[in-house]
Amino acid sequence: MRRDSRLSRMLHVLLHMARHDGPMTSEAIATMLRTNPVVVRRTMAGLRDAGYVRSEKGHGGGWALACDLDSVSLLDVHRAVGGPQVFAIGNEIGPAHCLVERLVNEAVADALQEAEALLIARFGSISLGELARGFDARYAGPV
């Protein structure tokens, strides 16, 4: 199964945008991500709808940050890009008639809910500003 990389890709884009003078075109972002500009526009639309970026049309236009990086968490970006399911594993869907299957489903569901709650809490505790400062501290110089 293919992993959903929208969160990490958009975090990557947002941090580049923070270090870029002026708007970035969908084409430039697509080249950076090795994807199609249409995919970029579709994904960035969620960030625009959430108020994290803005788009400018025409010559010299493109995507630009519209937020303070310290006010946006990884969880915010996760939700803006569609909040994909955190885990691909899960239970068989439908009523479980077998007692063993019910027991297994309960155990798996409980473990997944606990793990997802921890991950979501952690995403909520990390801001884009923290990531940007971490980058600056680690890599002094041009991007």
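Located above this text is the structure these notes cover.
Residues numbered from 1 in each chain as written. Predicted model: local features only at pLDDT ≥ 70, side-chain atom pairs only at ≥ 80, totals over all residues. Heavy atoms only, no water.

### As for the pattern of salt bridges
So, point 1. Summed over the entire model, instances satisfying the criterion amount to six salt bridges.
So, point 2. Residue Asp136 pairs with Arg19 through a salt bridge whose shortest N-O separation is 2.7 Å. Residue Asp136 is found in helix H6 (residues 128-138), and its partner Arg19 is found in the loop between helix H1 (6-18) and helix H2 (26-33); the two are separated by 117 residues along the sequence.
So, point 3. The salt bridge partner of Arg41 is Glu27, with a shortest N-O separation of 3.6 Å. Of this pair, Arg41 sits in helix H3 (residues 37-49) while Glu27 is found in helix H2, placing the two residues 14 residues apart along the sequence. (Salt bridge = Lys/Arg side-chain N within 4 Å of Asp/Glu carboxyl O. Helix = DSSP H or I, 4+ residues; strand = E, 2+ residues; numbered from the N terminus.)

### Re the nonpolar core
So, point 1. Met17, Met44, Leu47 and Val77 are the most contacted members of the largest nonpolar core, which totals 28 residues.
So, point 2. Elements represented by at least two residues in this core include exactly H1, H2, H3, strand S2 (62-65), helix H4 (74-80) and H6.
So, point 3. If you tally residues by element for this core, the top one is H1, at six residues.
So, point 4. Apart from the residues lying within four places of it in its own chain, the contact partners of Leu47 are Met10, Leu14, Tyr52, Val53, Val77, Ala80 and Val81. (Core = buried A, V, L, I, M, F, W, Y, C linked by side-chain atoms within 4.5 Å. Buried < 20%, exposed > 50% of the residue type's maximum accessible area, 1.4 Å probe, protein only. Contact = heavy atoms within 4.5 Å.)

### Remarks on H1
So, point 1. With 13 residues, H1 should reach 18 Å at 1.5 Å per residue; the first-to-last C-alpha distance of 18 Å fits that figure.
So, point 2. Listing the buried residues of H1 in full gives Leu7, Met10, Leu11, Val13, Leu14 and Met17. Buried residues along H1 cover an arc of 165° about the axis, so they all sit on one side. (Expected span 1.5 Å × (residues − 1). Arc of directions from axis to C-beta.)

### Re the packing of aromatic side chains
Centre distance and the angle of the planes are the two values used to describe a pair of aromatic rings.
So, point 1. As enumerated under the stated definition, the model contains one aromatic pair in all.
So, point 2. Considering the side-chain rings of Phe135 and Tyr139, the 5.6 Å spacing of their centres and the 40° angle between planes classify their relative orientation as tilted.
So, point 3. With a relative accessible area of 27%, Phe135 lands in the partly exposed category. (Phe/Tyr/Trp six-rings, centres within 6.5 Å; stacked < 30°, edge-to-face > 60°.)

### Re the pairing of S2
So, point 1. The sheet contact formed by strand S1 (residues 53-56) and S2 spans four bridges and is antiparallel. Bridge pairing in S2 links Ser55 to Trp63.
So, point 2. In this antiparallel pair of consecutive strands, S1 and S2, the connection spans five residues, and Gly58 shows a positive phi of 90°. (Pairing = 2+ DSSP bridges.)

### Examining the environment of Cys67
So, point 1. Tracing the backbone shows Cys67 in the loop between S2 and H4.
So, point 2. Note: C-alpha distance between Cys67 and Ala111 (44 residues apart in sequence) is 35 Å.

### Focus: H3
So, point 1. Taking 1.5 Å per residue as the helical rise, H3 with its 13 residues ought to reach 18 Å, and the 18 Å between its terminal C-alpha atoms agrees with that figure.
So, point 2. Taken as a whole, H3 has its buried residues at Val40, Thr43, Met44, Ala45, Gly46 and Leu47.
So, point 3. Buried-residue contacts for H3 involve H1, H2, S1, S2 and H4.
So, point 4. Regarding H3, its N-cap is Asn36, as a side-chain oxygen of that residue lies 2.8 Å from the backbone nitrogen of Val38 further along.
So, point 5. Positive phi shows up at Gly51, right after H3, with a value of about 90°. (Polar contact = N/O pair within 3.5 Å; in protein donor to acceptor, adjacent residues only side chain to side chain.)

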